[in-house]
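Commentary on secondary and tertiary structure
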Amino acid sequence: MQYADTLTLARRRSVLLLVSLHRTDRLAALAQANSAREVIAEVMRRVEGMLRSSDRYALASHEEIWVLLVDPPGESLAELAGRTLRGNLMRPIHGSDSGAGSAVRLNPAVGGAWQPADSPTDAMNLLAAASEACREAEELESRVKIVTARSESEAHHRRQLEQDLRDALFANQFDVHFQPQVSLATGRCTGAEALVRWTRPDGTRVNPGLIASICEARGLMTQLTLFVMNTTLRHLMAWNSQGIDARVSVNLSAITLADPAFPSLVGHALDTWSIAASRLTLELTETAVVRHEQSAMKFMKEIRERGCGLALDDFGTGYSSFNYLRQFPLTELKIDQSFVRNLADDASDQRIVHALVDLAHTFGMHALAEGVEDERSAQSLRQLGCDLAQGYFFARPMPHGEFTAWWREFNRVPTP
Ligand code: C2E
Ligand code: MG
Ligand code: MG
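Residues numbered from 1 in each chain as written. Chains lettered and ligands numbered in written order. Predicted model: local features only at pLDDT ≥ 70, side-chain atom pairs only at ≥ 80, totals over all residues. Heavy atoms only, no water.

With that settled, the discussion passes to the coordination of the magnesium ion (ligand 2). Every protein donor of the magnesium ion (ligand 2) is accounted for by E193 (OE), N251 (OD1), E283 (OE) and D313 (OD), and the metal-donor separations fall at 2.0 to 2.3 Å. When the donors of the magnesium ion (ligand 2) are listed by position in the chain, the intervening gaps give E-x57-N-x31-E-x29-D. In this structure the magnesium ion (ligand 3) is found 3.9 Å away from the magnesium ion (ligand 2), and D313 serves as a bridging donor for the pair. Of this pair, E283 sits in strand β9 (residues 280–285) while D313 sits in strand β10 (residues 309–315), and the two are 30 residues apart along the sequence. Across the pair, exposure class does not vary: E283 and D313 are buried alike. (Donors = N, O, S within 2.8 Å, 3.2 Å for Na, K, Ca; no water. Helix = DSSP H or I, 4+ residues; strand = E, 2+ residues; numbered from the N terminus. Buried < 20%, exposed > 50% of the residue type's maximum accessible area, 1.4 Å probe, protein only.)

A word on the sheet that holds strand β3 (residues 64–70). Spatial ordering of the open sheet is given by β2-β3-β1-β4-β5, a layout of 5 strands whose pairing is mixed. Only two strands of the sheet have a single neighbouring strand rather than two, namely β2 (56–61) and β5 (144–148). The average angle at which neighbouring strand axes cross in this sheet is 15°, direction not considered. Across 5 bridges, the pairing between β2 and β3 is antiparallel. Residue pairing in the sheet places S61 in a bridge with E64 of β3. Contacting β1 (14–20), β3, β4 (109–115) and β5, helix α4 (residues 76–90) crosses the sheet at an angle of about 30° to β1. (Pairing = 2+ DSSP bridges. Axes fitted to C-alpha atoms, helices over the stretch in contact; angles between N-to-C directions. Contact = heavy atoms within 4.5 Å.)

In summary, the side chains of a regular strand alternate between the two faces of the sheet. Burial within β3 is extensive, with 5 of its 7 residues counted as buried. Turn length for the β2-β3 hairpin, with the two strands adjacent in sequence and antiparallel, is 2 residues.

This part is about the packing of aromatic side chains. For the structure on display, the rule yields 11 aromatic pairs. Ring plane angle 85° and centroid distance 6.4 Å describe the contact between F174 and F227, whose orientation is recorded as edge-to-face. With a gap of 53 residues between them, F174 in the loop between α6 (152–170) and β6 (175–183) and F227 in helix α8 (residues 221–241) connect regions that are remote in the sequence. Comparing F174 with F227 shows no difference in burial state: the two are buried. A centroid spacing of 6.3 Å and a plane angle of 45° characterise the contact between F178 and F403, whose relative ring orientation is tilted. With a gap of 225 residues between them, F178 in strand β6 and F403 in helix α16 (residues 400–410) connect regions that are remote in the sequence. Across the pair, F403 and F178 agree in class, each one buried. Of the aromatic side chains, those joined through ring pairs into one cluster are F178, W239, F403, W406, W407 and F410. (Phe/Tyr/Trp six-rings, centres within 6.5 Å; stacked < 30°, edge-to-face > 60°.)

The structure is reproduced here in C-alpha cells:
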C-alpha cells in the first residue's frame, strides 16, 4: 500500500486498522533467522486471508501492520474486523523448523479509526487517530479499540493545540494554582492541592483535564508532572521561610505508575528544594491503579518508603473497589465531589459519605471531601467525622502569591 493510495482512499468511507504485533522481543531476536521471516510471512498470509480485493494492507514496520478497509458496509464492521484480525493473529505460529513447543505467540493490540463518508479527513488524521486508538487498546482487556476519526478542521485545531501545548510546556509557560485543604476539626488550612493552569496566547484557558490527556497521549506526562512538582516544591520552600507550614498534593497520571524511574525523580526533587517528604502527597485515581495494577504496588511502596503520602483521588466514581483500600499503602481517601454536592439535603449521599469516612479510618487513612461548595455541606462533613475538606466554599484554586495572603488571613497568622 503506497502513501498516495492511502491518501486517495481515505477520502471514501473507510476504516484504518493499526495492528501492533507485540512480539518485538522475539521477532527482533530472530531478525536474521529464516524463522522470523516465516513468522512475518504467516502473519501477512493471515491478514490477507480476511480481506476483500478492494482492501489494502502493508507491513509498516517489523512490529506494525496497517490494514485499510474500503467502503465497509457499516461502522460496527470495524469493531468486528478488529476482533477477527486479532483472533486470527493470536493462533500460534509454527515455523517449518520448529516443534510445537517453540511456536511463536502474538498478543496484538488493534487500534482502528472509522471515517464516515460525510466527514472526510486526510490520511494523516486517520493514521494519527488509529495510532492513538492502538495505544488505548493496549490498556484494554479486549486489546481492540475503534474510534471515529476527527474531521479535517477538528484535527487541524487539535494539532495546533498539541503543538502550542508542547511549546508552552518546554518554555515553562504553564502555571500552578493552589486550592486550600482545610481541617474540619480545627478549622485551619493544612495544605493545598497543586493544579496545572495554562492560558494560550489568545487568552483562552485550556481545561486541565485536557492538558493531562494530551500530555498522556503525546508522551509528555513526565515533563508535565515534573514541572508541576518542581514548581510546587519551589513555592513550598519559599512558604517555609515565611512560616507557612503547608503540605501539598500533586496529581499523577496513570502512565506515571508504569515509570520505574519516577519514585527516584520525586526523591531528587525533594532534595533539590530541601523539602521533607512528609510534606508531599501524590494523588492517583482508581482508574490509574486499575490500568497498571501490576506495577502499582511496587510504585506505591517505593513512594511510601520515601516518606511521601499517597491519596486515592475521585473515589466513588470508578470501580470503587474496597480491595484497593486494603491492599495498597494509601494515606488519604478523597471522596469525589458528586457525593458532596448535595450532601446537606440528600440522605443517601450522607450514608455513602459516612461509610467512606469509616472505611478510610478503618484502613488508617484520612478522609478528604472534594467539592465543598457551601457551609451546610461543611457542617455535615464535620458531623460525619470527615477529616479534611476542599472546595469553593473555602477557596478556589489561586496563584501562589494569593495563596500566601489567603493562608495568613484564614489561619489568622500575623504578617511578618
Ligand atoms: P482533581 O485532581 O480531582 O482536582 C479537583 C478539581 O475540582 C479541580 O479542577 C478543582 O478546581 C475542582 N474543584 C475544586 N473545588 C470545587 C468545588 O467546590 N466545586 C467544583 N465544581 N469543582 C471544584 P481542575 O483544576 O479543573 O482540574 C481538573 C482535573 O484535572 C483534576 O481533578 C486532575 O484530575 C486534573 N489535573 C489538574 N492538574 C493536574 C496536573 O498537574 N497533573 C495531572 N496529571 N492532572 C491534573
Ligand atoms: Mg486531585
Ligand atoms: Mg479529585
